[in-house]
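# Residue-level structure breakdown
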Amino acid sequence: MVKVLITYFSKTGNTKKMAEHIKEGLDSMGDVEADLKKAQDTTIDDLRSSDGIIMGSPTYFGVMATEVKDLMDRSIQCYGKLVGKVGGAFSSSAMIGGGNETTIMSIVQGLLIHGMIVQGVVKGNHYGPVSIGAPNEEVRDECIKYGKMIGELVKKLG
Ligand SMILES: Cc1cc2nc3c(=O)[nH]c(=O)nc-3n(C[C@H](O)[C@H](O)[C@H](O)COP(=O)(O)O)c2cc1C
């Protein structure tokens, strides 16, 4: 069974809830193993052993939080080993225009430098799920849909 890791940092729970909803989407597929881990607890082995990696962070000054950046920096240890895996990102911010999309892009930059494959979204949050504060029903649906989309791509790529 293919494996997707959802790794995130969350101080007040908003990004964590998004991560759980993305897992909901992956779990609903029935044939994808979805692991949920805090960025701080995520090991290099977790990254290497996953077919897809989705990273989530609250928006901190328009970029990823230190804890997520620390994971990204630690991932240099497996540089060249994540090529061709599927990547994705999501973010929670306080306000519209507060930088959640730039935060996603800051994560995506790292994923691309690893040679990972990042799929955009046609109908919905184009770069990955975003939430203003805690996820509402609409964001929950976006997260579930995103989880399924990533799961489908991971399966397609084998
Ligand atoms: C250090 C810090 C920087 C922040 N910077 C921004 C920001 O630039 N734009 C924004 O909209 N919200 C900003 N926020 C608010 C958080 O992104 C927002 O509350 C988010 O939902 C928190 O996610 P969490 O509950 O997963 O910790 C900041 C919060 C902190 C603590």
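These remarks concern the structure in this document.

Let's shift gears to the pattern of salt bridges. Working definition: two side chains of opposite charge can pair if their charged atoms are close together. Scanning all chains against the criterion turns up 11 salt bridges. We note a salt bridge from glutamate 137 to arginine 140, for which the minimum N-O separation is 3.7 Å. Placement of both glutamate 137 and arginine 140 in helix H5 (residues 137–157) is noted, with a separation of 3 residues, approximately one turn of the helix. With relative accessibility at 53%, the residue glutamate 137 sits in the exposed group. For lysine 145, the salt bridge goes to glutamate 142, with nearest N and O atoms at 3.7 Å. Placement of both lysine 145 and glutamate 142 in helix H5 is noted, with a separation of 3 residues, approximately one turn of the helix. According to the relative accessible area criterion, lysine 145 is partly exposed, its value standing at 39%. Residue classification places glutamate 142 among the buried positions, given a relative accessible area of 15%. Salt bridges linked by common partners bring Glu24, Glu137 and Arg140 together as one network.

Of all residues adjacent to the ligand, which total 16 residues, the nearest are Ser10, Thr12, Thr15, Ser92 and Gly98. Taking threonine 15, its side chain carries an N or O atom lying 2.6 Å from an oxygen atom of the ligand. Considering the ligand on its own, with 640 Å² of exposed area, one finds that the protein chains cover 75% of that surface. Secondary-structure elements contributing two or more residues to the shell around the ligand are helix H1 (14–27) and strand E4 (86–93).

Definitions and cut-offs
Residues numbered from 1 in each chain as written. Predicted model: local features only at pLDDT ≥ 70, side-chain atom pairs only at ≥ 80, totals over all residues. Heavy atoms only, no water. Salt bridge = Lys/Arg side-chain N within 4 Å of Asp/Glu carboxyl O. Helix = DSSP H or I, 4+ residues; strand = E, 2+ residues; numbered from the N terminus. Buried < 20%, exposed > 50% of the residue type's maximum accessible area, 1.4 Å probe, protein only. Near = heavy atom within 4 Å. Polar contact = N/O pair within 3.5 Å; in protein donor to acceptor, adjacent residues only side chain to side chain. Areas by Shrake-Rupley, 256 points an atom, 1.4 Å probe, with all protein chains shown as cover.

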